[in-house]
Amino acid sequence: MSTSTATIDLETRPLGRPGFTRGLIRLELRRLARNRRTLVFTLVFPVAMLLIVNGSIPAGQQSMGPGVIANVGAYLMVSMALYGVVMAATSGGAAVAVERASGWSRQLRLTPLSATSFILLKIAVAIALSALALGATFGAAAALGIPHLSPGSWVASALIILAGSFVFAAFGLFVGYLVPSENVMQFVGPILAVLGFLGGLFQGQVDTSTVMGQVQSYSPIYGLSQIAHWPLTLTTAGTHAAFDGWWVVNLLGWGLLFTAGAVWRFRTDTARA
């Protein structure tokens, strides 16, 4: 009896916010790990795209400019890793649509878990899945010798991508509360493809001197993409290209908007119970 009680106490011990427990966190991670479709699109697809696109670029066209250490392969690696992380974070958040249909969200409403705590929990779990997507793409690229990149640029880009994934975890949650479960991924997939194009993941740097470039600079992926690629501009002289503060404003602005939207929709959904 004492062993059973100790186990229950451990599982229900709060971790700093109302409703957070170790057992709940482990359960959420296992739920994501069982979604094979999500794992394929977040772990396999970005690596495959990296290999296909990089393989089509001749060796003589890999330079990113005079004195720049990084090559085109490094740029593609960051772009595909970022796309995989965006897919992983959004899918992890959007899974709430399925949970609503299955009754899991209703069960959570019977616990002390607050709206803010629930959103933070989902974002944290989605970021964990994002770390797997990031590691898969960076790891495959490193193993195949695709990127030419300084160690500092490796670390900086990886940390920026991972930190910025919270924006799309919140976006996934927001969409998950708006779209029926059977349609959520069909709805999210094309949107992310369009946002990836607007953010400059598939066609290179965005030219903000054009009207189209100005429109792109307000898209959700733009800020994170520009910041994540910025470490790649390091030259042999130790200098970087100019850093634009608008990138940070773009990233934080969309993050706050999506998080507020997700909290609002969670509270609205809870009020209907």
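The rules behind each value
- Residues numbered from 1 in each chain as written.
- Predicted model: local features only at pLDDT ≥ 70, side-chain atom pairs only at ≥ 80, totals over all residues.
- Heavy atoms only, no water.
- Helix = DSSP H or I, 4+ residues; strand = E, 2+ residues; numbered from the N terminus.
- Buried < 20%, exposed > 50% of the residue type's maximum accessible area, 1.4 Å probe, protein only.
- Contact = heavy atoms within 4.5 Å.
- Areas by Shrake-Rupley, 256 points an atom, 1.4 Å probe, with all protein chains shown as cover.
- Polar contact = N/O pair within 3.5 Å; in protein donor to acceptor, adjacent residues only side chain to side chain.
- Phe/Tyr/Trp six-rings, centres within 6.5 Å; stacked < 30°, edge-to-face > 60°.
- 1 Å grid on protein atoms, 1.4 Å probe; cavity = no way out; pocket = protein on both sides within 12 Å on 5 of 7 lines; lining within 4 Å.
- Points joined across faces, edges and corners; volume = space filled by probe spheres on them.
- Nonpolar A, V, L, I, M, F, W, Y, C, P; charged D, E, K, R; others polar.
- Core = buried A, V, L, I, M, F, W, Y, C linked by side-chain atoms within 4.5 Å.
- Patch = residues over 30% accessible without salt bridge, like charges linked within 9 Å, V, L, I, M, F, W, Y side chains within 5 Å.
- Salt bridge = Lys/Arg side-chain N within 4 Å of Asp/Glu carboxyl O.
- pLDDT = per-residue confidence, 0-100.
- Expected span 1.5 Å × (residues − 1).
- Arc of directions from axis to C-beta.

Visitor: Whenever I open this one, the overall build of the protein confuses me. Can you help?
Guide: What the protein contains, in helices and strands, is 12 helices and 0 strands. Burial analysis of the protein (273 residues in total) assigns 46% to the buried set. Across the protein, every contact between residues at least 6 apart in sequence was considered, and the portion connecting residues at least 24 apart equals 74%. For the protein, the accessible surface area stands at approximately 12,900 Å², while carbon and sulfur atoms represent 68% of it.

Visitor: Can you walk me through the side chain of Ser 153 in this structure?
Guide: Relative to the elements of secondary structure, Ser 153 occurs in helix 8 (residues 151–176). On the basis of relative accessible area, Ser 153 is assigned to the buried category, the value being 4%. Of note is the side chain of Ser 153, whose polar atom sits 2.8 Å from the side chain of Ser 150. For Ser 153, the contacting residues outside a window of four places in its chain are Pro 231, Leu 232 and Leu 234.

Visitor: Before we go on, may I ask you to explain helix 11 (residues 220–229) in this structure?
Guide: Helical geometry note: an α-helix holds 3.6 residues per turn, so side chains three or four residues apart project in the same direction. Taking burial as the measure, the 10 residues of helix 11 include 10 buried ones, the bulk of the element. Listed in full, the buried residues belonging to helix 11 are Pro 220, Ile 221, Tyr 222, Gly 223, Leu 224, Ser 225, Gln 226, Ile 227, Ala 228 and His 229.

Visitor: I would appreciate a short explanation of the packing of aromatic side chains in the present structure.
Guide: For any two aromatic rings, the description comes down to two numbers: the centre-to-centre distance and the angle of the planes. In the structure shown here, the tally under the stated rule is 8 aromatic pairs. Judged by centre distance (6.2 Å) and plane angle (55 degrees), the ring pair of Phe 45 and Tyr 83 falls under tilted. With Phe 45 in helix 3 (residues 36–55) and Tyr 83 in helix 4 (residues 72–94), this residue pair connects regions lying 38 residues apart in the sequence. Residue Phe 45 is classed as partly exposed on the basis of its relative accessible area of 33%. Measuring from centroid to centroid gives 5.3 Å for Trp 230 and Phe 243, while their planes differ by 85 degrees, and the two rings are edge-to-face. A residue pair is termed long-range when its members are at least 10 positions apart, and Trp 230 in the loop between helix 11 and helix 12 (245–271) and Phe 243 in the loop between helix 11 and helix 12 qualify at 13 residues. Every member of this aromatic cluster is reached through a ring pair, and the members are Phe 45, Tyr 83 and Phe 202.

Visitor: How should I be thinking about the layout of surface pockets in this particular structure?
Guide: The gaps of empty space that remain are located by a probe, the size of a water molecule, rolled over the atoms. A volume near 580 Å³ is recorded for the largest pocket. As for the largest pocket, its lining consists of 27 residues, and the residues nearest its centre are Asn 35, Arg 37, Thr 38, Ser 91 and Met 185. Among the secondary structure elements, those contributing two or more residues to the lining of the largest pocket are helix 2 (22–33), helix 3, helix 4, helix 5 (96–102), helix 7 (115–144) and helix 9 (184–198). Looking at which element gives the most residues to the lining of the largest pocket, the answer is helix 9, with 5 residues. Partitioning the lining of the largest pocket into residue classes produces 13 nonpolar, 7 polar and 7 charged.

Visitor: Sorry, what's going on with the environment of Val 78 here?
Guide: Structurally, the position occupied by Val 78 is in helix 4. Spatially, the C-alpha atom of Val 78 lies 8.5 Å from that of Ile 161, the residues being 83 residues apart in sequence. In contact with Val 78, other than residues within four places in its own chain, are Phe 138, Ser 157, Ile 161, Ala 228, His 229 and Leu 232.

Visitor: Got a minute to help me understand the nonpolar core in this structure?
Guide: Inside soluble globular proteins, nonpolar side chains tend to come together where they are buried. Judged by nonpolar contacts, the single largest core of 65 residues is most densely connected at Ile 119, Phe 138 and Ile 161. Contributing elements (two or more residues each) for this core: helix 2, helix 4, helix 5, helix 7, helix 8, helix 9, helix 11 and helix 12. The leading source of residues in this core is helix 4, at 16 residues. Apart from the residues lying within four places of it in its own chain, the contact partners of Phe 138 are Met 77, Val 78, Ala 81, Trp 154, Ser 157, Ala 158 and Ile 161.

Visitor: I keep staring at a nonpolar patch on the surface and nothing clicks. Help me out?
Guide: A surface patch of nonpolar side chains, amounting to about 490 Å² of accessible area, comprises Phe 197, Phe 202, Val 211, Met 212 and Val 215. By residue number, the principal contributor to the nonpolar patch is helix 10 (residues 211–216), which donates 3 residues.

Visitor: How should the confidence of the model for the protein be read in this particular structure?
Guide: Reading fine detail from the predicted coordinates is not recommended where pLDDT is low. Counting all residues, the mean pLDDT for the protein is 83, and 82% of those residues have values of 70 or more. Mean pLDDT per element in the protein: helix 1 (residues 2–12) is the minimum at 40, and helix 11 is the maximum at 96. Confidence over residues 1–18 falls short of pLDDT 50; this stretch has 21 contacts with residues more than four positions distant or in other chains.

Visitor: Before we go on, may I ask you to explain helix 9 in this structure?
Guide: Relative to the 21 Å expected for 15 residues at 1.5 Å per residue, helix 9 spans 21 Å between its end C-alpha atoms, a close match to the ideal helical length. For helix 9, the complete set of buried residues consists of Val 184, Val 188, Leu 192, Leu 195, Gly 196 and Leu 198. The buried residues of helix 9 all sit within an arc of 150 degrees when viewed along its axis, so they share a single face. In the segment just after helix 9, Gly 200 is the residue with positive phi, at about 90 degrees.

Visitor: Would you explain the environment of Leu 162 in this entry?
Guide: Within the fold, Leu 162 resides in helix 8. Between the C-alpha atoms of Leu 162 and Ala 228, which are 66 residues apart in sequence, the distance is 9.6 Å. If near-sequence neighbours (up to four positions away) are discounted, Leu 162 is found in contact with Ile 127, Ser 130, Ala 131 and Leu 134.

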